[in-house]
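Chain by chain, the residues run as shown.
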Amino acid sequence: MKKIRKKKYPKKRRTQQMSKVIGIDLGTTNSCLAILEGGDPNVIQNAEGARTTPSVVAMSKEGERLVGQPAKRQAVTNPENTIFSTKRFIGRRYNEVAEDISKAPYKVTQGKNESVQIKMGDQEHTPPEISAMVLRKLKETAEDYLGEEVTQAVITVPAYFNDSQRQATTDAGKIAGLEVLRIINEPTAEKIAVYDLGGGTFDISILEIGDGVFEVKSTNGDTNLGGDDFDHKIVDWLAEEFKNENGIDLRDDAMALQRLRDEAEKAKCELSTTLQTEINLPFISADASGPKHLNVSLSRAKLEQLVGDLVERTITPCQQALEDAELNASEIDQVVLVGGQTRMPKVQEQVEEFFGKECHRGVNPDEVVAIGAAIQGGVLSGDEGVKDILLLDVTPLSLGIETLGGVFSRLIERNTTIPTKKSQTFSTAADNQESVTIHVLQGEREMSVYNRTLGRFDLLGVPPAPRGIPQIDVTFDIDANGIVHVSAKDLGTGKEQKIRIESSSGLSDVEIDEMVKDAESHSEEDKTKKESVETRNNADSLAYSTEKSLEEYGDSVSAEDREAIQSAIEKLKETLKGENIEAIKADTEALTTASHKLAEAMYAKAAADAQAQGTSGDGPSSDETVIDVEAEEVTDTEQKDTN
């Protein structure tokens, strides 16, 4: 019987399966990490004890890289080197992000292939690199929690992210040391409308659920609309109020502007539960007459007036999503709110008015996306608790190629269930044409010039022939992550050319590998810096405490020992002025050894004082609050119990 049980016990088989797959909601303002345990999704707390991690990275003035809450905390005093809202730049070209650049206190420049470069400290990084720093912190959090290495993840993206943005997110995962098993749409978590208004993006998804199958019928949204924009409205209002009163524009001062941002976000959150809040920022600026303070009252009504146009902007995508799903608002059974900005009463009111029903509030909007990713991770890793769940996602935008006259010829319509594959035959546009350029585009406009270029490639070696004779078979293949593969084949010669659409960040596999190595080296560098700081702090603390003890107990040791200790203190202080960590360690050890005599003298004096006090306390005491502990007898057994 024992042998039979041993064979049937599944533990051995499971060790051969995939390791734990983590689910990550890589948000614009905050990120969240979850994992499936025993069929139930569990949100993992970070090192600071929070269930979400700010998507903020910084280079401190001491040259230390900070990620998450530590980075966010020092943003006010170090705005130029504190990078946030990177998700708004990821996978986008420099000429597409002018508005976002104007709002950023840090420096954003143009790199090769029109890519975006972000300066932090004395180095420039791509948006995928910055995002990878956040992902690496989440990866380390998961590893600390699980006690094992984590190498695989499911990462969510806004449903309306295009191919370049999805590919750039995958690149960020690779740089962080994660194999991204699946990129899934954030709102994918009867007929359900999922309204997702986060920190930097807005999505609306229409789902149909039945028998464990989650089918996305349509998606729409705005990848440049979110809580950040609500904050900017408050910041601009505060800056104008202060300018009208004092003649000073706080937006010209990076440090003052960061203080405004922090207070604007706090005020916005407070007004979700109260009708009025006070914004107080003392010493926000100064002029010849002295320091200036900002003290303003902001009501919920005024906030709703300021952001009314932003809330209204979410309705058009909702209308389009319903139209694509061939549904009316009245046919939606349930509306689920996702994303921190949906806590705003005005947003809830607008959504309920549009759909004509109350919103479902049974989920935590900050955590639900990461939980959905964790469930998908469980599906991919074969977790028994979620084996019967199937997610059918869709492509958010139409895909096609440019044909004669600059016309956009669609091969795959938007909201097509993925993975999918579709082919269409085209021909040459001119006589004796020996090559064909395949211009791959994504978008909804009829003319190619108005849609987004994903890539170009040439099919060479087409035999000379009159136009319209050669047969060129073009195939679009979209995988489960929404990544596009395109091929063109001359049916006459059998010659074929393929392309995997790369992200507009312009990162090749070689560059990604270099960034992975760079991230790993920085990890070691960060550990070295931390060790260096701790060594210096320990040395400084030892020198200070020994010096204080020498002043107090110096008379208890010989003049020779006293001189040796003083000399060791001075030597350590001098070494601390330099950067040689090994020398600091050696001198710290030397001072520790030299101060042993002083420690012995301190303990001897303390013992003598205690004995003297005990002798003087034999008689009755006039102080009634003193407890006579000598009257209590403790047996060996009792002593063991208390230990």
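Residues numbered from 1 in each chain as written. Predicted model: local features only at pLDDT ≥ 70, side-chain atom pairs only at ≥ 80, totals over all residues. Heavy atoms only, no water.

(A) Region of the structure containing the packing of helix α10 (residues 315-324) against helix α11 (residues 345-355). Here α10 crosses α11 at 30°, and the two axes come no closer than 11 Å. Judged on the interaxial angle alone, α11 and α10 are roughly parallel. Crossing angle aside, the handedness with which α10 passes α11 is right-handed. Residues I315, C318, Q319 and L322 of α10 touch α11, and the partners they reach there are Q350, F354 and F355. Along the lines of polarity and charge, the residues of the contact of α10 with α11 split into five nonpolar, two polar and no charged. (Axes fitted to C-alpha atoms, helices over the stretch in contact; angles between N-to-C directions. Helix = DSSP H or I, 4+ residues; strand = E, 2+ residues; numbered from the N terminus. Parallel < 35°, antiparallel > 145°, perpendicular 65-115°, else oblique. Left-handed = near helix turned anticlockwise from the far one by under 90°. Contact = heavy atoms within 4.5 Å. Nonpolar A, V, L, I, M, F, W, Y, C, P; charged D, E, K, R; others polar.)

(B) Region of the structure containing the nonpolar core. Y195, I204, I206, L294 and F355 are the most contacted members of the largest nonpolar core, which totals 47 residues. Element by element, the count of residues in this core is highest for helix α7 (residues 227-246), at seven residues. Built from parts of two domains, this core gets at least three residues from each of domain 2 (191-224 + 311-381) and domain 3 (227-308). Apart from residues lying up to four places away in sequence, I206 is in contact with I192, A193, E215, V216, K217, S218, A321, L322, A325, L327 and I332. Formed by 45 residues, the second largest nonpolar core is a distinct cluster that contains L33, I118, I155 and V180. (Core = buried A, V, L, I, M, F, W, Y, C linked by side-chain atoms within 4.5 Å. Buried < 20%, exposed > 50% of the residue type's maximum accessible area, 1.4 Å probe, protein only. Domains from an automatic or database assignment.)

(C) Structural context of unusual backbone geometry. Non-glycine residue F283 carries a positive phi angle of around 55°. Summarising the element assignment, F283 is placed in strand β16 (residues 276-287). By relative accessible area, which is 59% here, F283 ends up exposed. One non-glycine residue, N432, lies in the positive phi region at around 55°. Looking at where N432 falls in the secondary structure, it is placed in the loop between β23 (420-426) and β24 (435-442).

(D) Expanded view of the sheet that holds strand β26 (residues 472-478). In space, the four strands of this open sheet follow the order β23-β26-β27-β28, with antiparallel pairing throughout. The open sheet terminates on both sides in strands that have one partner only, identified here as β23 and β28 (496-500). Here the strands of the sheet are splayed against their neighbours by 15° on average, with no regard to which way each runs. Pairing of β26 with strand β27 (residues 484-490) involves seven bridges; the strand directions are antiparallel. Within the sheet, the bridge partner assigned to D473 lies in β27 and is K489. (Pairing = 2+ DSSP bridges.)

(E) Highlighting the side chain of R136. If you trace the backbone, R136 turns up in helix α5 (residues 127-146). For R136, a relative accessible area of 15% gives the class buried. Reaching out from R136, the side chain makes a polar contact with the backbone oxygen of I175 at a distance of 3.4 Å. (Polar contact = N/O pair within 3.5 Å; in protein donor to acceptor, adjacent residues only side chain to side chain.)

(F) Geometry of helix α9 (residues 300-313). Across its 14 residues, α9 extends 19 Å between first and last C-alpha, which sits within 8% of the 20 Å expected from 1.5 Å per residue. At V307, α9 shows its strongest bend, of approximately 60°. Here α9 has its buried residues at R300, L303, L306, V307, L310 and V311. Where α9 is buried, its residues meet α7, α8 (254-270), β17 (290-299), α10 and α11. (Expected span 1.5 Å × (residues − 1). Bend = angle between axes of the 7 residues up to and from the residue.)

(G) Broad picture of empty space enclosed by the protein. Considering only enclosed or pocket space, the largest cavity measures out at about 400 Å³ in volume. Looking at the largest cavity, it is lined by 24 residues, and the ones nearest its centre are T29, F84, S85, D228 and R261. Ranked by the residues each element gives to the lining of the largest cavity, the list is headed by α8, at four residues. Of the residues belonging to the lining of the largest cavity, the class tally is seven nonpolar, eight polar and nine charged. Both domain 1 (21-185) and domain 3 (227-308) contribute no fewer than three residues apiece to the lining of the largest cavity. The calculated volume of the second largest cavity comes to roughly 120 Å³. Along its surface, the second largest cavity is lined by 18 residues, and L26, G27, T86, K87 and S131 are the ones closest to its centre. The set of elements that each furnish at least two residues to the lining of the second largest cavity consists of α5 and β11 (152-157). (1 Å grid on protein atoms, 1.4 Å probe; cavity = no way out; pocket = protein on both sides within 12 Å on 5 of 7 lines; lining within 4 Å. Points joined across faces, edges and corners; volume = space filled by probe spheres on them.)

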